[in-house]
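# Architecture and fold: a report
Each chain, letter by letter, is given below.
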Amino acid sequence: MKKTVLLLYLGLLLASCATAEKYNAVTNRDIPPEELHQDIDKVKKNLFAHHPDIDMYLTKEQISDKLDSLKNTIKKPMKSADFSRELFKVVSKFGHGHIYLTSRPYKMTKVERHHTKGSKGPLSQLSVEGAGDRLMLKKITGKKSSQDVYAELISIDDIKYKDYYNLYKGTRPGDGYIKTMDSYIISKNYLSYVSRVLGVQDAIILTLKKNGSVYTEVVKREFLEHKNAKSKQAPAPQKQKIVKKTPVKYPTREEIIKRNALEKYQNKVKKYLGYNPATKQYSREISFPVKADSSIAVLKIRDFKRGSAKKGYAFIFDSLHKHKVQYLILDLRGNGGGYVRHGNTLYSYLSKDSHPVIMDSAKVVSKTAMVGLNFTKFNAFQHTVFLPLTLAFSTSEYFNTQKGKDGSYYYKMMSKSDHKAKPLNKYTGKLYVLTNGATYSMSSVLAASLQAEGRATFIGEETGGDFNGTVAGHSRCTKLRNSHTDFCFGVMTIKPNAQRKLIGRGVLPDIPVPTTLEDLIMKKDPVLSRAVNGIRLP
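Sequence order as written defines residue numbering, which begins from 1 separately in each chain. In keeping with the model being predicted, local features are shown solely for residues with a pLDDT of at least 70 and side-chain atom pairs are shown and tallied solely at 80 or more, while totals for entire chains, interfaces and linings include all residues. Heavy atoms from the whole structure form the basis of all side-chain values; hydrogens and water molecules are not counted.

### Some thoughts on the overall build of the protein
- Tallying secondary structure elements over the protein gives 17 helices and 20 strands in all.
- With the C-alpha coordinates aligned to their principal axes, the bounding extent of the protein is approximately 90 × 65 × 60 Å.
- By residue count, 43% of the 538 residues in the protein fall in the buried class.
- Residue contacts are defined here by distance: any two heavy atoms, one from each residue, within 4.5 Å place the two residues in contact. By sequence separation, contacts in the protein at least 24 residues apart represent 73% of the contacts at least 6 residues apart.
- In the form shown here, the protein has an accessible surface area of approximately 30600 Å², with 55% of it arising from carbon and sulfur atoms.
- When charges are tallied, Lys and Arg are placed among the positive residues and Asp and Glu among the negative ones, while His and the ends of the chain are skipped. Lysine's charge is taken at NZ, arginine's at CZ, aspartate's at CG and glutamate's at CD. Across the protein, 90 positive and 49 negative side-chain charges occur, with their mean positions spaced 8 Å apart. Put simply, DSSP marks the helices as runs of H or I at least four residues long and the strands as runs of E at least two long, and each gets a number from the N terminus on. Only protein chains enter the accessibility calculation, which uses a 1.4 Å probe; a residue is then buried when its area is under 20% of its type maximum, exposed when over 50%, and partly exposed in between. For accessible areas, the Shrake-Rupley method is used with a probe of radius 1.4 Å. Any residue's cover is judged against the shown protein chains and nothing else.

Structure representation (structure tokens):
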């Protein structure tokens, strides 16, 4: 019986390994040019059929020519990742930052999964941050300890960051004619690229540079310590020590109630402010940059996705009101966007007007554009289980989509309550907004609306998102069958509540302030410092 079980286990193990190996072999195969041409044609067909404003920056003829030109250059077989990268560079020229491609990742075999189970790989211990075509290693975080590094990361093993940067430059520059977003996206994806190239590794060699000196550091995989692991040599016998037992002090009923109330309050704050246990950071966070001066506050918004927008911002602006804040610095750097309702709630506390942060309706391609998405995101089982909800939701979306006077279709996003939003503790003091190339999508729309009404002074870098809006909202995704690449794009043209004549550019700062790698290494924040100094020394 034991032999049978053992043989069955070995059989399943071999089958799993074979499946993973087959998957990886298909992913890494050389794909014939004619198959890649078919995938390019599929991209063109989907964009022209389902993208509401594909010709916002280039005509359809120009877009078609660029895709045909790519087809003409592909005369030899290519691997999926290489094809995805080159196609990405072409579609990014269309000016829509929400168009993206994702190549299929490496799949671990069962042996590799068993080997790495419960461990922390060397790449997952690294925290990096980019500035232009250079990269800083911020810290190395293991299972038990964290080591601050703050040095330039030149390479991991033999993969130089600058070579990688030049290879992927131009894949995500931003909306329209903007070029500021590229470096942030490229630096963010470097570790994933290294992982795909190297595969599963137990150790990597980092080449670092600091204070003019180049040195190397080895980072190893950290494994779990097994409870049943015993030392080969028995420990030497020790004399028994007489330990005086101290009486156990149990908490009183009042102490237990107080402790539980505190835990409940802390959990509420985490929920409202969008606590992320993985990064141990809040989506919304208040700080006071000047000691013993609560008149200047920084409100850092990392995203518009986590936590409760209504309760979270009510909590924040109540705190700002109690501290009698006169100068608020809204930090939107690195905020890649999220839900419209989150951005609109924040806008209602900052704007002097009562209208929503965006225009009431978003442009879509047809009356059934939103309905169709509900039947492309789920498999057959999910469709069966959630069919009643899908039908109800689809009916609502169908009637919320109306034909406009210009002949285009528009999906209503803002309700009457959004126009009547008058929150308590609305902030009316001096406002500064910090932006960079990674201020994108919803955060860029929010920044545009605030700039349009002259509400704030903007400091930093041009946003990655177009001032006049972006094609985002829900995404339509399809798989390119031959290259095994996921191809996605937004299907709703979302615009801020005001427009300007300058096309294809982001929210431009009133005070441009660059951030260099040397600033990051020295733990300096020149953008925030410029805002604080401007307040204290006008």
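### Thoughts on empty space enclosed by the protein
- Only protein atoms enter the 1 Å grid, on which a cavity is a set of points fitting a 1.4 Å probe that cannot get out and a pocket is an open set with protein on both sides within 12 Å along at least 5 of 7 lines, lining residues being those with an atom within 4 Å of a point. Grid points are joined across faces, edges and corners, and a volume is the space filled by probe spheres set on the points. Counted by the stated rule, this structure contains two cavities of 30 Å³ or more.
- Counted as a void, the second largest cavity has a volume near 40 Å³.
- Every residue along the wall of the second largest cavity is listed here: Phe88, Ser92, His96, Gly97, Ile99, Thr171, Arg172, Pro173 and Gly174.

### Quick look at a nonpolar patch on the surface
- A residue counts toward a patch only above 30% relative accessible area and without a salt bridge, and it is joined to like-charged neighbours within 9 Å or, for Val, Leu, Ile, Met, Phe, Trp and Tyr, to nonpolar neighbours within 5 Å. Any carboxyl oxygen of Asp or Glu that lies within 4 Å of a side-chain nitrogen of Lys or Arg is treated as forming a salt bridge with it. On the surface, Phe375, Leu387 and Leu391 cluster together into a nonpolar patch covering about 250 Å² of accessible area.
- Residue position: leucine 387 is located in helix H13 (residues 387-399).

### Focus: helix H9 (residues 309-322)
- Each residue after the first adds 1.5 Å to the expected span of a helix. Here H9 is 14 residues long and its end C-alpha atoms lie 20 Å apart, about the 20 Å a rise of 1.5 Å per residue gives.
- Among the residues of H9, Ala309, Gly312, Tyr313, Ile316, Phe317, Ser319 and Leu320 are the ones counted as buried. Take H9 and look down its axis: the buried residues cluster within an arc of 150°, on one side only. Away from its buried face by more than 90 degrees, H9 exposes Lys310, His321 and Lys322.
- Close packing links the buried residues of H9 with helix H8 (253-273), strand S10 (284-287), strand S11 (296-301), strand S12 (327-331) and helix H10 (340-350).
- Nitrogen and oxygen atoms within 3.5 Å of one another constitute a polar contact, given that in protein one can donate a hydrogen and the other can accept it, and given that sequence-neighbouring residues count only through two side-chain atoms. The residue sitting at the N-terminus of H9 and contributing the capping side-chain oxygen is serine 308; that oxygen lies 3.3 Å from the backbone nitrogen of lysine 311.
- At the exit of H9 stands lysine 324, carrying a positive phi of roughly 55°. It is the directions from the helix axis to the C-beta atoms that the arc portrays.

### Focus: the sheet that holds strand S20 (residues 511-512)
- Spatially, S10-S11-S12-S16-S17-S20 is the arrangement adopted by the six strands of the open sheet, whose pairing is mixed. The open sheet is flanked by S10 and S20, the only strands paired with a single partner.
- Strands were regarded as paired on the criterion that DSSP finds at least two bridges between them. Across four bridges, strand S16 (residues 430-435) lies against strand S17 (residues 457-460) in parallel orientation. Opposite valine 433, over in S17, you have phenylalanine 458 as the bridge partner.
- Fitting a line to C-alpha atoms yields each axis, with helices limited to the stretch in contact; the angle taken between N-to-C directions then spans 0 to 180 degrees. Of the strands in this sheet, S10, S11 and S12 touch H9, which is tilted by about 5° from S10.
- The strands touched by H10 are S10, S11, S12 and S16; relative to S12, the strand with the most contacts, the crossing angle is about 165°.

### Digging into the environment of lysine 416
- Within the element layout of this structure, lysine 416 appears in helix H14 (residues 416-419).
- Taking the relative accessible area as the measure of exposure, lysine 416 reaches 69% and is therefore exposed.
- Remark: the alpha-carbon pair of lysine 416 and isoleucine 256, spanning 160 residues in sequence, is separated by 46 Å.

### Digging into the packing of H8 against H9
- One way to put it is that H8 packs onto H9 with a least axis distance of 7 Å and a crossing angle of 110°. Classified by the interaxial angle, the pair formed by H8 and H9 is roughly perpendicular. Contacts from Tyr265, Val269, Tyr272 and Leu273 in H8 reach Lys311, Gly312, Phe315 and Ile316 in H9.
- By the convention adopted, Pro, Cys, Tyr, Trp, Phe, Met, Ile, Leu, Val and Ala count as nonpolar, Lys, Arg, Asp and Glu as charged, and the other residues, Gly among them, as polar. Per-class residue counts for the contact of H8 with H9 are six nonpolar, one polar and one charged. Throughout, the term roughly parallel applies to angles under 35 degrees, roughly antiparallel to angles over 145, roughly perpendicular to angles from 65 to 115, and oblique to all others.

### Points about unusual backbone geometry
- The backbone phi angle of alanine 292 is positive, close to 60°, even though this residue is not glycine.
- Mapping alanine 292 onto the fold places it in the loop between S10 and S11.
- Since its relative accessible area comes to 91%, alanine 292 is described here as exposed.
- Here lysine 523, not a glycine, exhibits a phi torsion of approximately 60°, which is positive.
- Looking at where lysine 523 falls in the secondary structure, it is placed in the loop between helix H16 (517-521) and helix H17 (526-536).

### Points about the pairing of strand S19 (residues 485-494)
- With nine of ten residues buried, S19 lies mostly within the body of the structure.
- Sheet analysis places strand S1 (residues 100-103) next to S19, joined by four bridges and oriented antiparallel. The residue bridging tyrosine 100 from the neighbouring strand is cysteine 488, located in S19.
- Of the pairings in the sheet, the one linking strand S18 (residues 470-480) to S19 comprises nine bridges and is antiparallel in character. By the bridge assignment, alanine 472 is partnered in S19 with methionine 492.

### Some thoughts on H13
- With 13 residues, H13 ought to run about 18 Å at 1.5 Å a step, and its terminal C-alpha atoms sit 18 Å apart, in line with that.
- Inspection of H13 places Thr390, Ser394 and Glu397 among the buried residues, and these make up the whole buried set. Angularly, the buried residues of H13 cover 60° about the axis, an arc narrow enough to put them on a single face. Set apart from the buried face of H13 by more than 90 degrees, the exposed residues are Pro388, Leu389 and Phe399.
- Among the structural elements, helix H11 (369-373), strand S14 (401-403), strand S15 (409-412) and S18 are those in contact with the buried residues of H13.

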